[in-house]
Amino acid sequence: MSDLRPSLDTPEVAAAEEVVAAETTGTAPRSRRRSPAAMAVRRFRRNKIAVFGAVVLLLIVLLAVFAPLIAQQSPTAVDLGEIRQPPSSEHWLGTDASGRDVFARVVYAARVSLLVGIVAALLAVLFGTIVGAVAGLFGGWLDTVLMRTADMMLSFPPIVIIIVLAGILGPSIPILILSIAVTTWPTTARLVRGVTLAVREREYLHAARVAGASRGWLLRKHIVPAAMGQIVVVGTIAVAGAILSEAVLSFLGLGVQPPQASWGNMLNDAQSLTVIQSMPWLWLPPGLAIAATVLSVNFVGDGLRDAVDPRQSGRS
Amino acid sequence: MENTEPLLVIDELAVEFRTDEGVVKAVDGASFTIDRGEIVGVVGESGSGKSVTAMSILGLVKSGRRAGGTIRFRGRDLGELAGKELRTIRGAEIAMIFQDPMTALNPVVTVGKQIVEALRLHDRKLSKDAARDRAIELLALVGMPDAAARFKQYPHEFSGGMRQRAMIAMAIANGPSLLIADEPTTALDVTIQAQVLDLLRVAQQETQAATLLITHDLGVVAELADRVVVMYAGRVVEQGDVTTVFTAPRHPYTVGLLESLPRLDRDVDELHPIPGSPPSLLAPPPGCPFHPRCPLARDRCRTERPELRVVGNGTAVHRTACHFAEELAAVPTEVTR
């Protein structure tokens, strides 16, 4: 045992060392062993705010999944006899301008918001990871082309791009998802490229190349796994961003179209001062839902960031 | 041709690096061969071009440029192979053991998985279970106690010597016919060095692989190698079988190297380091590159570059690149003591 102190050069190694120090430095193979992922989970669970965020998020997801069981009324059934009724025992959160049940709409809207948020973020992260890793590994003109494209995307105000796209292609959920993904992938691409550049010069990558690994193999086996922790973090933050974008666009009438409910288009009604002043049941519930979802996603994202990289501040 | 030509033939290899100060000739016309199953030690100071030569064999000289010469492996010119063909040779037919086992293993992947991947990289049909069994077998072969448990561990749970064992297991995983060991013991404790050398010998016997041993440690060469190639300033200055070269060196640089070495078996009052330092490869001296430091240097050395030529009359081929090799032969006892 000539050496128990590998250099502290990566978060993973630092994390790994932590466990060696925490447990035992015995020479015999130990039965209890934690992978870096397992250690990240453990750190995450020690973070109270992150766990709270995760619980709230889980509740919202359950709400979306079991919407038909939770909301007894249809979110789209129009009842012109009961327009803009205040909350009652029949309509827990009252009714909107077309007499639809607000509670049912808020619950069903969770499906749309989460779908858009998660799918858009997944697409953006997937594309960004591929672009970033390829740019970093291949370098040269390909790197220049890809990263300048990413820079261009980042230098446009995303909301304008989305409005133009939605305006040209017509408002619908797939277009909404696509346009959000198109404007968010560069963040991931930059991050993954950075990780790739750092990993590329590592000796173990050189060793893998000497062992006959192709670039595709290096990407799959070494680079993407090395970046995975950080990808998960930006992915989570991207979900929050996408949910907000969905709300904004639907509020502007460029996203989810009525009668389908989304938190954003429910806020449409709040455009009038009378509604804001005298009918809080129309805008408060969707507004709170957006805030609660985005906040809990961000809590989870922060928690993941601290869990993945133990050197980040804020860790106890 | 396959049978008559040595396994690896390096012929007039030249590698250049472009830097801000100019072109650095890291390797400048190096030639040597390796036969099947043979252990060849390449020795030289830092910057003598030995590592660059090794990396050139695998076509992996970063930012460097092949400026000339050929490298033939099993009769095939490695310089002419496309990327895909080269990848099937790397790792499978030519494998490398790195200097620093601390950094050459991925810290976040278990050691076993890394060996399994090395196996599956060249045999996609190999099942996961079979690869796992083979990996454990390999770990046991390199003297890893409790190999099955070690298989599941991460590199940080290994000591330096253990990691080098794992590296060797990975290198011999695909049964290469040529192993390149780049300073395999330099990063290790002295006590571990001997173990790793023994292991290299075992690995060599097990796989019957020819081994190219790159080192600045003459002791390692004497211990392990059949033949030795001495490099200086990007050129081969002397080569021959180990006993011949070490007992009757025919190049003043080799003599200097041997004289600067502490010995246990002889009573030496003081060591004699070679005066001066290796020449700048940006502007190598004209003539013999060693002449500014050479005790035998005279006018001819400053103008005419000596070529590698056969010396001695033994059965083993012994070559040196010195105009006045015979003068060294006349005073062997004095210079080798």
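Note that this is a predicted model, so its numbers are computed, not measured. (Residues numbered from 1 in each chain as written. Chains lettered and ligands numbered in written order. Predicted model: local features only at pLDDT ≥ 70, side-chain atom pairs only at ≥ 80, totals over all residues.)

**Examining the overall build of chain A**
Counting its secondary structure elements, chain A contains 13 helices and zero strands. What you see in chain A, going N to C, is helices and strands ordered as α-α-α-α-α-α-α-α-α-α-α-α-α. The proportion of buried residues among the 316 residues of chain A is 42%. Residue pairs at least 24 apart in sequence account for 68% of intrachain contacts in chain A once pairs closer than 6 positions are excluded. (Helix = DSSP H or I, 4+ residues; strand = E, 2+ residues; numbered from the N terminus. Buried ≥ 20, exposed ≤ 12 C-beta atoms within 10 Å, placed from the backbone. Contact = placed C-beta atoms within 7 Å.)

**Details of helix H5 (residues 102–138) of chain A**
For H5(A), with 37 residues, the first-to-last C-alpha span of 53 Å sits near the 54 Å given by 1.5 Å per residue. Burial within H5(A) is extensive, with 27 of its 37 residues counted as buried. (Expected span 1.5 Å × (residues − 1).)

**Looking at the domain arrangement of chain B**
All names here are of chain B. The assigned domain composition of chain B is domain 1 (8–230) and domain 2 (244–336). Across the contact, 13 residues belong to domain 1 and 13 residues belong to domain 2. Where the side of domain 1 that touches domain 2 is concerned, the elements lending two or more residues are strand S2 (22–34), helix H8 (218–224) and strand S9 (227–232). In terms of residues, the side of domain 1 that touches domain 2 owes the most to one element, S2, which gives five residues. Of the residues contributing to the side of domain 1 that touches domain 2, the split by class is six nonpolar, four polar and three charged. (Domains from an automatic or database assignment. Nonpolar A, V, L, I, M, F, W, Y, C, P; charged D, E, K, R; others polar.)

**Describing the nonpolar core**
Membership of the largest hydrophobic core comes to 176 residues, with the highest contact counts inside it found for B:Ile115, B:Ala169, B:Leu178 and B:Leu213. Looking at which element gives the most residues to this core, the answer is H5(A), with 20 residues. Both domains that meet at this core, namely domain 1 (8–230) and domain 2 (244–336) of chain B, each give it at least three residues. Residues contacting B:Ala169, with those up to four places away along its chain left out, are B:Ile115, B:Leu138, B:Leu139, B:Leu141 and B:Val142. (Core = buried A, V, L, I, M, F, W, Y, C linked by C-beta atoms within 7 Å.)

**Some words on the packing of helix H6 (residues 160–172) of chain B against helix H7 (residues 190–207) of chain B**
All names here are of chain B. Where H6 meets H7, the closest approach of the two axes is 10 Å, and the angle between their N-to-C directions is 15°. By the angle between their axes, H6 is roughly parallel relative to H7. Taken as a pair, H6 and H7 cross one another with a handedness that is right-handed. Where H6 abuts H7, its residues Gly160, Gly161, Gln164, Arg165, Ile168 and Ile172 lie against Ile192, Gln195, Val196, Leu199, Leu200, Ala203, Glu206 and Thr207. Counted by class, the contact of H6 with H7 contains seven nonpolar, five polar and two charged residues. (Axes fitted to C-alpha atoms, helices over the stretch in contact; angles between N-to-C directions. Parallel < 35°, antiparallel > 145°, perpendicular 65-115°, else oblique. Left-handed = near helix turned anticlockwise from the far one by under 90°.)

**What about the sheet that holds strand S3 (residues 39–43) of chain B?**
Residues and elements named next belong to chain B. If you walk across this open sheet you meet the eight strands as S6-S7-S8-S3-S9-S10-S12-S11, and the pairing is mixed. Either end of the sheet is taken by a strand with one partner, and the two such strands are strand S6 (94–97) and strand S11 (309–311). Taken pair by pair, the neighbouring strands of this sheet meet at an average axis angle of 25°, ignoring direction. Here S6 runs beside strand S7 (residues 178–182); their pairing, made up of four bridges, is parallel. When the bridges of S7 are listed, isoleucine 97 appears paired with alanine 181. (Pairing = 2+ DSSP bridges.)

**Points about the confidence of the model for chain B**
Should pLDDT be low for a region, the predicted coordinates there are not to be read in detail. All names here are of chain B. Summing up the model confidence of chain B, the mean pLDDT is 84 and the portion of residues at 70 or higher is 93%. Across residues 332–337, confidence stays below pLDDT 50; counting only partners more than four residues off in sequence or on other chains, it has nine contacts. Across the interfaces of the predicted complex, the ipTM metric reaches 0.79, alongside a pTM of 0.75. (pLDDT = per-residue confidence, 0-100.)

**Looking at unusual backbone geometry**
All names here are of chain B. Phi at aspartate 146 is positive, roughly 55°, even though this residue is not glycine. Looking at the element boundaries, aspartate 146 is found in the loop between helix H4 (128–141) and helix H5 (147–150). Of note in this structure, glutamate 183 is not a glycine but carries a positive phi near 45°. One can find glutamate 183 in the loop between S7 and H7. Residue glutamate 183 is classed as buried on the basis of its 20 C-beta neighbours within 10 Å.

**Observations concerning the environment of A:Leu295**
Turning to its location among the elements, A:Leu295 is positioned in helix H13 (residues 280–308). C-alpha separation for the pair A:Leu295 and A:Ala189, spaced 106 residues apart in sequence, amounts to 24 Å.

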